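Examining the three-dimensional arrangement
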Amino acid sequence: MSQTRKRRVFPFTAIVGQEEMKLALLLNVIDPRIGGVMIMGDRGTGKSTTIRALADLLPEIPVVAGDPYNSSPTDPDLQSSEVRARAEAGETLPVEPRQVPMVDLPLGATEDRLCGTIDIEKALSEGIRAFEPGLLAKANRGLLYVDEVNLLDDHLVDVLLDSAASGWNTVEREGVSVRHPARFVLIGSGNPEEGELRPQLLDRFGMSVEVRTVRDPELRVQVVDQRTGFDADPEAFSVQVQEVQEALQARVVEAQNRLPSVLIDDDLRVRISAVCGELDVDGLRGDIVTNRAARALAAFEHRNEVTDDDVARVVACCLRHRLRKDPLEQIDTGDRVIKMFCKVFERPEPSDRSAFELALAA
């Protein structure tokens, strides 16, 4: 492991429980086009710890040295206009490895802090576009985490969603315009007790997972022991799990490489769309995300073809937050999605939900 990775971050593989959250995050890393994860649940359930651990787990990415946007040396869609111009001019771009960025968006952030600012005085007096990059620039090719997303100002939410959907951030002021790539995995978390999320915000997240406080006493003791061991000696603790961490990292990279060759049968795609149609899901985002998540899951489990079971495991996470809310339900647990899946796929309704759980397979 390189020196840049030696930060005091709790290891991803040492996190006990919260399997649904962990696998949903990994699937979004395998295919960022899934559209991110909304994590709803109790305080103190390890949401922030897991996301930081995920960024630390991921392999370093090659970036153009000195570039504030983490521009890719090879992919024009992930390059700033300056880097692209240099590449088109035939310049050999200097490359350096950089850890996958993980950016926290604070609740009190201003729009300038998020998007970046243009120094108009410099632009007018010296004729140069003096741009101070914001958090969206730093998050390019990484993870952007918004804690308590349900408390974020509406205008910031709109900016965030526009960038997440288009992959670009545009800042315009006094006739001066700057545009840069902003491709990131959007991760939001919140507590339903602290306020509802707007439906259009929920719909923009590819997947939605619920986290609950661990109730089993033995598991709680295990969580406390892991945390105590890490806090006492982070280096020694990290060394103990390094082999498992590296194995998971290699598995994620292999899944990313395998993903383009994973096939999903036409009949399966029709059935996924039938489930979305029967549930009266608005738009086509639900269909697209379910297809992508099922393919990413197959790739992660070393398979080149999606099965009914893959769809069963991702369907609740991909669709439950898109349903029109039943006023009698506090939070939709996915039961309606599972019932409709069983109807369309002609399966008996299960007595337990294990076949529909998103969890890491051994």
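Scroll up to find the structure.
Residues numbered from 1 in each chain as written. Predicted model: local features only at pLDDT ≥ 70, side-chain atom pairs only at ≥ 80, totals over all residues. Heavy atoms only, no water.

**Some words on the pairing of strand S10 (residues 184-190)**
Selection criterion: Accessibility here uses a 1.4 Å probe with only protein chains present; expressed as a share of the type maximum, an area under 20% marks a residue as buried, one over 50% as exposed, and anything in between as partly exposed. Each helix corresponds to a stretch of at least 4 residues labelled H or I by DSSP, and each strand to a stretch of at least 2 residues labelled E; elements are numbered beginning at the N terminus. Note on pairing: two strands pair once DSSP finds at least 2 bridges between them.
Counting buried residues in S10 gives seven out of seven residues, a clear majority hidden from the surface. Residues of S10 alternate between two faces, with Phe184, Leu186, Gly188 and Gly190 on one and Val185, Ile187 and Ser189 on the opposite face, all of them buried. Looking at chain direction, strand S1 (residues 37-41) and S10 are connected through four bridges and run parallel. Within S10, the residue paired with isoleucine 39 across the bridge is serine 189. When strand S7 (residues 142-146) meets S10, the two strands line up parallel, connected through five bridges. By the bridge assignment for S10, leucine 143 is matched with valine 185.

**Some points on the pattern of salt bridges**
We count it as follows: We define a salt bridge as a side-chain nitrogen of Lys or Arg found within 4 Å of a carboxyl oxygen belonging to Asp or Glu.
This structure, assessed with the given rule, holds 16 salt bridges. Salt-bridge contacts for arginine 227 lead to aspartate 231; the nearest nitrogen and oxygen are separated by 3.3 Å. On the criterion of helical spacing, the pair formed by arginine 227 and aspartate 231 is a turn pair, its members being four residues apart in helix H9 (residues 217-232). Residue class for aspartate 231 comes out partly exposed when judged on its relative accessible area of 47%. For arginine 347, the salt bridge is made with aspartate 309, and the minimal N-O distance between the two is 2.7 Å. Here arginine 347, found in the segment after helix H14 (335-344), pairs with aspartate 309, found in helix H13 (residues 308-319); they are 38 residues apart in sequence, far enough to count as distant.

**Description of the environment of leucine 323**
Summarising the element assignment, leucine 323 is placed in the loop between H13 and H14. For the pair leucine 323 and arginine 8, spaced 315 residues apart in the sequence, the C-alpha separation amounts to 40 Å.

**Section: the packing of helix H11 (residues 266-278) against H14**
How we decide: Helix axes use the C-alpha atoms of the stretch in contact, all axes being lines fitted to C-alpha atoms, and the angles between their N-to-C directions lie in the range 0 to 180 degrees. Should an angle fall under 35 degrees it is called roughly parallel, over 145 degrees roughly antiparallel, and 65 to 115 degrees roughly perpendicular, with every other angle called oblique. In this scheme the crossing of two helices becomes right-handed for a clockwise turn of the near helix relative to the far one and left-handed for an anticlockwise turn of less than a right angle. Residue contacts are counted whenever heavy atoms from the two residues lie within 4.5 Å of one another. All amino acids are sorted into three groups, where Ala, Val, Leu, Ile, Met, Phe, Trp, Tyr, Cys and Pro are nonpolar, Asp, Glu, Lys and Arg are charged, and the leftover types, Gly among them, are polar.
Their axes nearest at 9 Å, the elements H11 and H14 cross at an angle of 130 degrees. Judged by the angle between their axes, H11 and H14 are oblique. Once H11 is placed against H14, the crossing between them reads as right-handed. On the side of H11, the interface is formed by Arg271, Ala274, Val275 and Glu278, while H14 contributes Met340, Phe341, Lys343 and Val344. In terms of residue class, the contact of H11 with H14 is built from five nonpolar, no polar and three charged.

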